[in-house]
Structures are given as C-alpha cells and as structure tokens.
Amino acid sequence: MDFKLLNETVERVIESTEEFKTEGNVATYIPELANVDENNFGLAIVTVDGKTILKGDTELRFSMQSISKVISLIMALEDNGTDYVFERIGCECSPYAFNHVNTITTKAANPFVNAGAISTTAMIKGRDKEEKFQRFMDRIKKLSGDQGVTFLEKVYNSEMETTDTNRALFYILRSKGIFDLEMDDVLNRYVAGCSVGVNVVNLAKIAAVLANGGKCLETGDQLVEEDYVKITLAQMFTSGMYEESGKYQMTIGFPLKSGVSGGIMGVVPGKFGICTYSPRLDATGNSLRGIKVLEGLSKELGLSLFA
Ligand code: GLU
C-alpha cells in the first residue's frame, strides 16, 4: 500500500468529516463516559511494515468498553480451544442490542454481545480473579506495545453502580450452565476489562498484529495463533458493530469492533490496523464520526475485502 497516498487520503477524509463533529451523543448510561470532551477526535494507523499515521488526539486515554471483547475472545480460545468456546457461545450476528436479554437463547448469540463477552471472560483461566485479570491486562500490554495502558478506576466504579442489566445476563448464563463461577469473579472482571484505558495508538497496534496474521511487527514472533486470528476477524466482521454489523460491512467492508466510549478498531488484513476515537455515538452505539472516516477511507482506497 502506497504510504504517501494513505497519509494524504486520511487527511482529506478527516477534513471532509469535520461536519459530523457535533452529531450524535456520548453514552450516558455509564455516567463517567459522559465526562469527556464530546468533540475530541483521534486516529491512528499502524501498517504491517511498522509505519504509523497519527492524527488528532492520539494521546487521549479512553476506556476500551466493547473493544475489550476482542481480547477476551482471543484468551478464551487460547485457554480452552475453539470447540469448547463455540459449544458455549454462538457465532452469529444478533439483531438485538448488545445488552438485550434476547441475545441469549441456550447460549449467547456471539462473543461480542455482552452475554458473549461475559461468557468468554468466565473462560479466562487463572488461580484466582486477580491472576485472571492480571493475565488479561498483560495480554493487552503485550499486543499493544504497552505504552501507558492503564486501568480507569472511575469508569469501573461508575459502571459497577449501573450495571444491573449485565448482572441479569450473568445469572441467566449461569442458570444455563455456561459457567459455574461467582458474580464477583466474572461480572467484575468483565466490567474491569471494559474499563482498561488505552489510546488510539494502542488499539491500532493490536489491530496491526491481527492484520499481520497474529505476528509481532518487530520480531515476527507469533503472538496470536493464526487460527484464532481468523476466528476473531470473522467475528469482528459479522458482529463487531452491534446489530448494524451487516450495514457497515456493506460500506466499510473489513473487520471492525466498536465500543460505547467512542473507539472503533479496524483490521485491513495484510495492510494495516486502524483505530478512530470520537465519543459521539449513533443510536446503535457506534461512533458516528468514526464510521464516516472509515467509510470514506474504504471508498477512496478500495479497502473493502470484496472490492
Ligand atoms: N461496558 C459496556 C457494557 O457492558 C460495554 C458496552 C459496549 O461498549 O458495547 O454495557
């Protein structure tokens, strides 16, 4: 991919989406998420050959929210294998909102609705809940090149005060025998995972490892098994943008995962990882300007996997 063309196109597309800067609303159901500058915008691209494009507020730290579900899925697969995971979680897109109880039948619809991520969180192994969460943090640090990944306690406390829907999902899943663990192990770790603070560069680096078949960009070491990369990207493709995943695969056309704090992480296999941050969301929970930027880039650079 021509780096100069990529850089110029990014600049042009960001400029052309300026008009969407004030559209949409920040999430408020987790009160601390509303405590941001609503007009912030940041973008990072990391190419598989190690080049970086940084635009806007790239240092700004925000909570991963649903983007953490990508890491939980990878770890659930690594700790238990594919069969175990998909006997207990579905792999189809859900037409329901990410925290709707209808996302559970005999099991969660997919690993990226809340019920699915509560299930993958339960599958992460460790001696106790502290070790399980430490392994989760370490995995994010390793894949993202560390650089300031941190735990955002205020976001965690804020969600713990308002997360009764997720508590309900936890109990439904446990009643169906998906796991047999205590609330403060699974649910608290799920919320803690959503509260990991990152910037767009951290997430673009994780995405770049996935774009590179799971291999470290610097050393070539296999950081994520290739089979698990394929599964993760397939799920990001089919379910990464909530119940509008299909819609955005028509206009963007590569694996994506968004979170309600305003991040969208994208993987263009063999080319680059990308992350946009803009906290104003559309009604589904996807970052409004982030979508516009990704749509613009995909169109101008022919990035759809079906192009
Ligand atoms: N922590 C959020 C929740 O459980 C994550 C939602 C999201 O980003 O989709 O509601």
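Structural data are supplied above this passage.
Not measured: the values here are computed from a predicted model. For every chain, the first residue of the written sequence is number 1, and numbering continues from 1 onward in sequence order. Local features in this predicted model are restricted to residues of pLDDT 70 or higher, and side-chain atom pairs are both shown and tallied only at a pLDDT of 80 or more, whereas totals for entire chains, interfaces and linings draw on every residue. As a convention, hydrogens and water are excluded, and side-chain values are obtained from all of the structure's heavy atoms.

K.L.:
What is the right way to look at the site of the ligand in this model?
P.N.:
Near residues are defined by distance, with any heavy atom within 4 Å of the molecule or strand qualifying the residue. Taken together, 13 residues lie around the ligand, and Tyr 29, Gln 65, Ser 66, Tyr 190 and Tyr 242 are the ones closest in. Whenever a nitrogen or oxygen atom comes within 3.5 Å of another N or O atom, the pair is scored as a polar contact, on the condition that within protein one atom can donate a hydrogen and the other can accept it, and that pairs from neighbouring residues in sequence are kept only if both atoms are in side chains. Tyr 190 has a polar side-chain atom sitting 2.7 Å from an oxygen atom of the ligand. Between the ligand and Tyr 242, the relevant distance is 2.5 Å, taken from an oxygen atom to a side-chain nitrogen or oxygen of the residue. Gly falls in the polar group here, along with every residue not listed as nonpolar (Ala, Val, Leu, Ile, Met, Phe, Trp, Tyr, Cys, Pro) or charged (Asp, Glu, Lys, Arg). Residue composition of the shell around the ligand, grouped by class: 7 nonpolar, 5 polar and 1 charged.

K.L.:
Help me out: how do you make sense of the pattern of salt bridges in this one?
P.N.:
For side chains of opposite charge, pairing can occur when their charged atoms come near one another. Here, a salt bridge means any Lys or Arg side-chain nitrogen found within 4 Å of an Asp or Glu carboxyl oxygen. According to the stated counting rule, one finds 18 salt bridges in the structure shown. Between Arg 280 and Glu 38 there is a salt bridge whose closest N-O contact spans 3.0 Å. In this pair, Arg 280 is assigned in the loop between strand S8 (272-277) and helix H12 (288-301) and Glu 38 in the loop between helix H1 (3-16) and strand S1 (42-47), connecting sequence segments 242 residues apart. Whether a residue is buried, partly exposed or exposed follows from its accessible area with a 1.4 Å probe, protein chains only, as a fraction of its type maximum: under 20%, in between, or over 50%, in that order. Arg 280 sits in the buried class, given a relative accessible area of 11%. Residue class for Glu 38 comes out partly exposed when judged on its relative accessible area of 31%. One salt bridge connects Asp 164 with Arg 167, and the closest N-O pair in it is separated by 2.8 Å. Helix numbering and strand numbering both begin at the N terminus, where a helix is a DSSP run of H or I of at least 4 residues and a strand a DSSP run of E of at least 2.

K.L.:
Just checking my understanding: could you explain the sheet that holds strand S4 (residues 150-151) for this structure?
P.N.:
By definition, the strands of a sheet pair up through backbone hydrogen bonds, in either a parallel or an antiparallel sense. The sheet built from 3 strands is open, its strands ordered S3-S5-S4 with antiparallel pairing. Of all the strands in the sheet, just strand S3 (62-63) and S4 have a single pairing partner and so form its edges. Strands are treated as partners if at least two bridges between them are detected by DSSP.

K.L.:
Would you explain the side chain of Arg 189 in this entry?
P.N.:
Within the element layout of this structure, Arg 189 appears in helix H8 (residues 183-194). Exposure remark for Arg 189: the relative accessible area of 7% places this residue in the buried category. Note on contacts: a residue pair is in contact if any heavy atoms of the two residues lie within 4.5 Å. Leaving out residues up to four positions away in the same chain, Arg 189 has contacts with Thr 121, Ala 122, Ile 124, Lys 129, Lys 132 and Phe 133.

K.L.:
Got a minute to help me understand the packing of aromatic side chains in this structure?
P.N.:
What characterises a pair of aromatic rings is the spacing of the ring centres plus the angle enclosed by the ring planes. Stacked, tilted and edge-to-face are the three classes applied to pairs of Phe, Tyr and Trp rings, where Trp contributes its six-membered ring and a pair requires centres within 6.5 Å; stacked means planes under 30 degrees apart, edge-to-face means over 60, and tilted covers the rest. All told, the structure shown has 9 aromatic pairs when counted by the stated rule. Pairwise contacts between aromatic rings join Phe 133, Phe 136, Phe 151 and Tyr 156 into one cluster. Sitting above the plane of the Phe 41 ring, Arg 289 keeps its charged end 4.4 Å from the centroid. Only lysine NZ and arginine CZ atoms are considered, and such an atom sits over a ring when it is within 6 Å of the ring centre and within 35 degrees of the ring normal. Sitting above the plane of the Phe 20 ring, Lys 292 keeps its charged end 4.9 Å from the centroid.

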